[in-house]
Amino acid sequence: MKICIECGKEVAELYDGLCRECYIKSYTFTDLPGRIYLTTCPKCGRVRYKNSWREESIDNAIRKAIKGSLTVAPELEGHSISLSCRAKGKSVYICTISITSTFKGLEITEEKFTEIIIKKELCRSCSRKAGHYFEAILQIRGDRRVPTDKEMNEIIDEIKENMDNLKKQGKEIFITKIVPTRGGVDIYISDRGFTKKMVQTLHNKLGGTIKTTSKQSGMKDGRIQYRMTYLLRLPYYRKGDFVSKGEKLLYVKSIERRKVQLVDMDSWERKVIDDKMMDGLKMVGDYSILREAVVVSQSENEAQILDPYTFATVDVKKPHQIKLEKTIKIVKWRDRIYLFPYQDL
Ligand SMILES: [Zn+2]
Ligand SMILES: [Zn+2]
């Protein structure tokens, strides 16, 4: 048996000459600085962790900061924390932390106080936004035409959608500005790699051509920095347009992966060609040249329809032996009427 030098009790084991109870009374097992600093972005509220900025509630950030600054003696067997904070002004929180643990089967509770000081600093992306930062310009133009508002808005929406997806993964890329120009639109983007990927995706989907130019924009860490300009020139044709090749009238059924699916309006045969092959073709018109015509009568290979322009009955070849409804969509081109094979575009 051993004797506690403090209370004189006989115990099996001493800690620094003391029994368990006296040891617990004379020592503090936890330590917390009286002041802890947190940095948040005044614009978006993100919290700084060393060199990264994270979206986090202030409550969680305070909890993490306290846990990170708290020292607990290794001889304690695990511990739990309860925390209560109150705001004092806009940038100071006064927190009381109660730490509960056990030492050799005896419960220990210690209470600590700290002041959380919130420092304000613009995060990287907010400071870039404020500085109108951009690394690349995506220029949208058209071949022999100006892209429609609808086309440009769809492109901008797709870019934003991709940015939103990246934001969910913690990477923030933004559009610095959108500048309409006479021939289309210029989209200023904060990230070069993203813009490059985006222009490739759009090119694959919409066809057309890409032209890349770079301009030296300064130095960073001893390396020359470039600002890239990606010019995406949309093709003269779009899905739903009619084009001609000599005397042939063709319908642009789809554009995908830079392949164009054309429907020969005379035979209704479909073929897929490389988008480069579209260069020699001529624009006839978009889907607005389609008219609804009344079917007067029909046989296997022919139909008599009412020409919607002249109201005369005209014989029209049926490319396939199908039964027509009471009306059908037609295209009249060079005085000939073609039956349109689809209900929709
Ligand atoms: Zn004792
Ligand atoms: Zn921010």
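Values in this document were obtained by computation on a predicted structure and should not be read as measured data.

Engineer: Is there a simple way to think about the overall build of the chain in this case?
Structural biologist: A tally of regular secondary structure across the chain gives five helices and 25 strands. Taking 345 residues into account, the globule formula puts the C-alpha radius of gyration at 20 Å, and the chain, at 37 Å, lies well above it. A buried classification covers 20% of the 345 residues belonging to the chain. Across the chain, contacts joining residues at least 24 apart in sequence account for 52% of those joining residues at least 6 apart.

Engineer: Where do I start with the sheet that holds strand 23 (residues 313-317) in this structure?
Structural biologist: Within a sheet, each strand pairs with its neighbour through backbone hydrogen bonds, oriented either parallel or antiparallel. Strand order across the open sheet formed by five strands is 23-22-21-24-25, with antiparallel pairing between neighbours. Both edges of this open sheet fall to strand 23 and strand 25 (336-339), since each of them pairs with a single strand only. Averaged over all adjacent pairs, the angle separating strand axes in this sheet is 50°, with direction ignored. Here strand 22 (residues 302-306) pairs with strand 23 via five bridges, running antiparallel.

Engineer: When you look at the nonpolar core in this model, what are you seeing that I'm missing?
Structural biologist: Soluble globular proteins tend to pack their nonpolar side chains together in the buried interior. By size, the foremost hydrophobic cluster in this structure holds 40 residues, and its most contacted members are Ala 136, Leu 138, Ile 189, Leu 232, Tyr 251 and Ile 330. In terms of residue count, helix 5 (residues 192-206) provides more of this core than any other element does, five residues in total. Residues lining this core come from more than one domain, with at least three contributed by each of domain 2 (132-234) and domain 3 (242-339).

Engineer: Just to check I follow, could you spell out the environment of Met 265 for this structure?
Structural biologist: On the secondary structure map, Met 265 appears in the loop between strand 18 (259-264) and strand 19 (270-274). Here Met 265 falls in the buried class, since 23 other C-beta atoms lie within 10 Å of it. Met 265 sits 41 residues away from Ile 224 along the chain, and the two C-alpha atoms are 55 Å apart.

Engineer: I tried to follow helix 5 on my own but got confused; where do I start?
Structural biologist: Residues spaced three or four apart along an α-helix face the same direction, because each turn holds 3.6 residues. Under the 1.5 Å per step criterion, the end-to-end length of helix 5 is 21 Å for 15 residues, consistent within 8% with the ideal 21 Å. When helix 5 is considered as a whole, its buried residues turn out to be Phe 194, Thr 195, Met 198, Val 199, Leu 202 and Leu 206. Buried residues of helix 5, viewed axially, fall in a sector of 130°; they line one side. Pointing more than 90 degrees away from the buried face of helix 5 are the exposed residues Gly 193 and Lys 197.

Conventions adopted
- Residues numbered from 1 in each chain as written.
- Chains lettered and ligands numbered in written order.
- Predicted model: local features only at pLDDT ≥ 70, side-chain atom pairs only at ≥ 80, totals over all residues.
- Helix = DSSP H or I, 4+ residues; strand = E, 2+ residues; numbered from the N terminus.
- Rg over C-alpha atoms; globule rule 2.2 N^0.38 Å.
- Buried ≥ 20, exposed ≤ 12 C-beta atoms within 10 Å, placed from the backbone.
- Contact = placed C-beta atoms within 7 Å.
- Pairing = 2+ DSSP bridges.
- Axes fitted to C-alpha atoms, helices over the stretch in contact; angles between N-to-C directions.
- Core = buried A, V, L, I, M, F, W, Y, C linked by C-beta atoms within 7 Å.
- Domains from an automatic or database assignment.
- Expected span 1.5 Å × (residues − 1).
- Arc of directions from axis to C-beta.

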